[in-house]
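Listed here are the chains, written in short residue letters.
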Amino acid sequence: FIPNDNPFQDASGAVLEEFWCIGLRSPHRMTYDPVSKTIWEGDVGQGAREEVNVIVKGGNYQWAYKEGRLDGPIKKPTVLIGKEVPPVHEYSHSRGETQFDGDNCVIGGYVYRGREHAEELAGKYIFGDNGSGRIWALSLAGDGSVNVTQIATMPAGFNYSGLSSFGIDHDNDLYLCQMGPSGKIYKLA
């Protein structure tokens, strides 16, 4: 059954009540941070932008009328469902908007709660990109400001050969999974 606290309750059946949020294009890894009680998600863009989102009840993440903060492939509807929520962070497929640099497929990760890198990374959201192999740490301040720093690079990939996922061990230290015939599991170092 649909939980009674879902955001889109509608006795008439005109709205799909089973949704928690809408407007995501292609979510790749969603994780819950039990300390901050925040749901983080990496949303793969269509052709121009990759997004990192904080998921909230009843949020409308604006796909397909927005791709990141750019206009998307359709016009903005006159009647919107849910509350519009722009990405916490977005990045382009192009450096300086003109030269392709390999960023093309965000891979959502985890908020770092491990011991090994606690001094540098505690409480930061770690995510990466399948195409470029870049790994970033994102800090989100209470005022909504964001600081993103590249912290590592693993072998770049294309389609089925790059970063595919993150995992954590019993100490909450972070692992990175590279898919493909020569794929490996890396520990963040």
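See above for the structure.
Residues numbered from 1 in each chain as written. Predicted model: local features only at pLDDT ≥ 70, side-chain atom pairs only at ≥ 80, totals over all residues. Heavy atoms only, no water.

Q: Can you help me understand the side chain of Asp33 in this one?
A: Residue position: Asp33 is located in strand S1 (residues 27–33). Classification of Asp33 as buried rests on a relative accessible area of 4%. Sequence-distant contacts of Asp33, defined by excluding residues within four places in its chain, comprise Thr38, Val111 and Arg113. (Helix = DSSP H or I, 4+ residues; strand = E, 2+ residues; numbered from the N terminus. Buried < 20%, exposed > 50% of the residue type's maximum accessible area, 1.4 Å probe, protein only. Contact = heavy atoms within 4.5 Å.)

Q: Would you take a moment to explain the packing of aromatic side chains for this structure?
A: Counted by the stated rule, this structure contains 4 aromatic pairs. Taken together, a centroid distance of 4.4 Å and an interplanar angle of 10° make the contact between Trp40 and Tyr125 stacked. Here the residue Trp40 occupies a position in strand S2 (residues 38–43), and Tyr125 occupies one in strand S12 (residues 125–129), the gap between them amounting to 85 residues. Residue Trp40 is classed as buried on the basis of its relative accessible area of 6%. The buried category is assigned to Tyr125, whose relative accessible area is 0%. An angle of 15° between the planes, with centres 5.8 Å apart, marks the rings of Tyr125 and Phe127 as stacked. Of the two residues, Tyr125 and Phe127, both sit in the buried class. Across the ring face of Trp63, the terminal group of Arg25 is positioned such that the distance to the ring centre comes to 5.5 Å. (Phe/Tyr/Trp six-rings, centres within 6.5 Å; stacked < 30°, edge-to-face > 60°. Lys NZ or Arg CZ within 6 Å of the ring centre and 35° of its normal.)

Q: Would you take a moment to explain the pattern of salt bridges for this structure?
A: Side-chain pairs of opposite charge can arise where the charged atoms are in close proximity. Tallied over the full model, the rule gives 8 salt bridges. The closest approach of N and O atoms between Asp33 and Arg113, which form a salt bridge, is 2.6 Å. Placement of the pair is Asp33 in strand S1 and Arg113 in the loop between strand S11 (106–111) and helix H1 (118–121), with a sequence separation of 80 residues. Between Glu116 and Lys187 there is a salt bridge, with its nearest N and O atoms 3.0 Å apart. Here the residue Glu116 occupies a position in the loop between S11 and H1, and Lys187 occupies one in strand S17 (residues 185–187), the gap between them amounting to 71 residues. Note on Lys187: relative accessible area 38%, which makes it partly exposed. One network of salt bridges, in which partners are shared, links Arg49, Arg69 and Glu90. (Salt bridge = Lys/Arg side-chain N within 4 Å of Asp/Glu carboxyl O.)

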